[in-house]
Number of protein chains: 2
Amino acid sequence: MLEAIKFYRSFEAGQTIVWSGDRMDFVASVVSGIATLSQTMEDGRRQMVGLLLPSDFVGRPGRDTAAYDVTATTDLLMCCFRKKAFEDVMISTPHVGQRLLEMTLDELDAAREWMLLLGRKTAREKIASLIAIIARRDAALKLMEPQGRVSFDLPLSREAMSDYLGLTLETVSRQISALRRDGVIDVKGKRQITIPDFDRLIEEAGDDSDGGFLT
Amino acid sequence: MLEAIKFYRSFEAGQTIVWSGDRMDFVASVVSGIATLSQTMEDGRRQMVGLLLPSDFVGRPGRDTAAYDVTATTDLLMCCFRKKAFEDVMISTPHVGQRLLEMTLDELDAAREWMLLLGRKTAREKIASLIAIIARRDAALKLMEPQGRVSFDLPLSREAMSDYLGLTLETVSRQISALRRDGVIDVKGKRQITIPDFDRLIEEAGDDSDGGFLT
DNA sequence: GCATCTGTTTGATCTATGTCAAGGAAATCG
DNA sequence: CGATTTCCTTGACATAGATCAAACAGATGC
């Protein structure tokens, strides 16, 4: 049974949890906080390839080295299982594997949505999309649909946003300023965002679909 | 048993198999030929989000509308299962679900590799990466590792390549010409590629890892 | 209260890639 | 066979976003 073999680990904001290529003998799920998966090229160019929110799963059964850097963006608590033990549970409990398949398919959909963003959206659309994604996720925690006026805190630095969106941090900053000037968002301090009209934001994001990354 | 419920469908090159949003009551796997998954924005911008090669799986158990456009790039033969029947088999045969999980995890890795390409690589690196991916896949069919001198046919038009890479078809064309001028690749006609030195190509692709999209 | 540090904003310029346009090459059709 | 169509290449020019550089704002420490 899964309960019997789990243990917890906590990390501080900014800390790298595993480096790509490291041996990784556990799998885990996020309990609280935010972590990112990213890939880095030799010359330092970096791309975030996953955003881990509470309940998200990290690690791959049947592989023993990490494929990505995993970094805690905020203080983070993870619930871990030794990989071997987890694999045993997966074999004896088909339900666990089924749930994992479902989650993996959701992640694949999110990754594909993200590919459209990276490949085809303008910088302004990218920023609007990211803000919409975070607003949706934030609302989902309160079991709501975002609608009308919405407020929340950005859990990412400008640099993290640029890694996410395939932009430079300067461009991220400029586009946030532009969206503010145009009344699409309202910014208090550096991180606190208010969206006066969520539909307007969605329009700016260029999403025809619901854009429902994390719904 | 899966054998009992499968049936085949074939499609011509260029034909769209399903449109995003269509009802899709089957799942399938590619027997021969190549298909693509793509997303399109209202104004026509398009991004390929998946490349389906023989043995790849399409469709999502537990969802009844297609999330992407599926298009046959070459003549295509698919092996199909009614979704309901397939789901029943998945429940009664854990092994099928496990295999599907493994394939989905591989696809997720490929999607993430692709995100690095879309977000951070230059046009030249993108083209080199795509050619390397296709060369690898082609070699894999012959159970080989690509090495030294390699030849094969591009199964994609310039436009399909641009949809894949988040570029315009003109940029694709120019970069292919540039790689040819620089002796990285050799092009006969429009589609036949020879790579005189595979390692050189990998260098141009900017991959630190093995870039092993489809290995 | 002042100095320092980190994260952010803004400005001036540069450049890779997009856009628009024309023409070439190979396949298909009459 | 020439005519048409489709796909590709190449050129000239425009522009979104990158790069380089400076300054600002809010923490933190002394």
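Ala123 and Thr171 of chain A together with Ser157, Ser173 and Ser177 of chain B are the nearest of the 17 residues found near DNA strand D. Listed by contribution, the elements that provide at least two residues to the surface near DNA strand D are helix 6 (169-181) of chain A together with helix 5 (158-165) and helix 6 (169-181) of chain B. Ranked by residue count, the leading element in the surface near DNA strand D is helix 6 of chain B, at six residues. Partitioned by chemical class, the residues of the surface near DNA strand D number four nonpolar, seven polar and six charged.

What follows is about the protein's contact with DNA strand C. Taken together, 17 residues form the shell around DNA strand C, and within it Ser157, Ser173 and Ser177 of chain A together with Ala123 and Thr171 of chain B come nearest. Of all the elements in the fold, those that place two or more residues in the surface near DNA strand C are helix 5 (158-165) and helix 6 of chain A together with helix 6 of chain B. No other element matches the six residues that helix 6 of chain A contributes to the surface near DNA strand C. Partitioned by chemical class, the residues of the surface near DNA strand C number four nonpolar, seven polar and six charged.

All names here are of chain B. Buried residues dominate strand 5 (residues 46-52), accounting for six of its seven residues. Judged from the six bridges that link them, strand 4 (residues 35-40) and strand 5 form a sheet pairing that is antiparallel. In the strand pairing of strand 5, Ser38 is matched with Met48. Following strand 4, the chain reverses through five residues before pairing antiparallel with strand 5; Gly44 in that reversal takes a positive phi of roughly 100 degrees.

This paragraph deals with the sheet that holds strand 3 (residues 26-32) of chain A. Residue and element names in this part refer to chain A. Read from one edge to the other, the open sheet built from four strands follows the order 1-8-3-6, with strand pairing classed as antiparallel. The sheet is open, and its two borders are formed by strand 1 (6-11) and strand 6 (57-58), each paired with just one other strand. Summarising the sheet, strand 1 and strand 8 (residues 76-82) pair through six bridges and their orientation is antiparallel. The residue bridging Tyr8 from the neighbouring strand is Cys79, located in strand 8. Of the strands in this sheet, strand 3 and strand 8 are in contact with helix 2 (residues 83-92), which crosses strand 8 at around 70 degrees.

Moving on, we come to the sheet that holds strand 9 (residues 150-153) of chain B. Residue and element names in this part refer to chain B. Taken in spatial order, the three strands make up an open sheet running 9-11-10, and their pairing is antiparallel. Where the open sheet ends on each side, the last strands, each with one partner, are strand 9 and strand 10 (186-188). Here the average twist between neighbouring strands, direction ignored, is 20 degrees. Sheet topology places strand 10 next to strand 11 (residues 192-195); three bridges connect them, and they run antiparallel. Among the inter-strand pairings, Lys188 is bridged to a residue of strand 11, identified as Gln192. Taken strand by strand, helix 4 (residues 123-141) contacts strand 9 and strand 11, and its axis lies near 95 degrees from that of strand 9.

With that settled, consider the relation of the copies chain A and chain B. With an axial shift of 0.1 Å and an RMSD of 0.1 Å, the rotation relating chain A to chain B amounts to 180 degrees. Given the turn and translation reported, the copies of this chain are related as if by a two-fold rotation axis. The overlap is high: 100% of the interface residues of chain A also sit at the interface in chain B, so the same surface is used on both sides.

Another point: the environment of Gln98 of chain A. You can see Gln98 of chain A is positioned in helix 3 (residues 94-120). Put simply, Gln98 of chain A and Asp153 of chain A are 55 residues apart on the chain and 34 Å apart in space, counted from C-alpha to C-alpha.

Conventions and cut-offs
- Within any chain, residue numbers begin from 1 and follow the written order of that chain's sequence.
- Naming scheme: in the order in which they are written, chains are lettered from A and ligands are numbered from 1.
- The predicted origin of the model limits local features to residues at a pLDDT of at least 70 and limits the giving and counting of side-chain atom pairs to 80 or more, whereas totals for whole chains, interfaces and linings rest on all residues.
- Think of it this way: take the backbone, place a C-beta atom on it, and check whether that atom is within 6 Å of the molecule or strand, in which case the residue is near it.
- Every helix listed is a DSSP run of H or I at least four residues long, and every strand listed is a run of E at least two residues long, numbered separately from the N terminus.
- Residue polarity is assigned by list, with Asp, Glu, Lys and Arg as charged and Ala, Val, Leu, Ile, Met, Phe, Trp, Tyr, Cys and Pro as nonpolar; anything else, Gly included, falls into the polar class.
- With C-beta atoms placed from the backbone, a residue counts as buried when 20 or more other C-beta atoms lie within 10 Å of its own, as exposed when 12 or fewer do, and as partly exposed for counts between those limits.
- Only when DSSP finds a minimum of two bridges between them are two strands counted as paired.
- Residue pairs are scored as contacts if the distance between their C-beta atoms, which are placed from the backbone, is within 7 Å.
- Only C-alpha atoms enter the line fits that serve as axes; for helices the fit covers just the stretch in contact. Angles between N-to-C directions range over 0 to 180 degrees.
- In superposing the copies, a least-squares fit is computed on C-alpha atoms, taking residues whose pLDDT is at least 70 in both.

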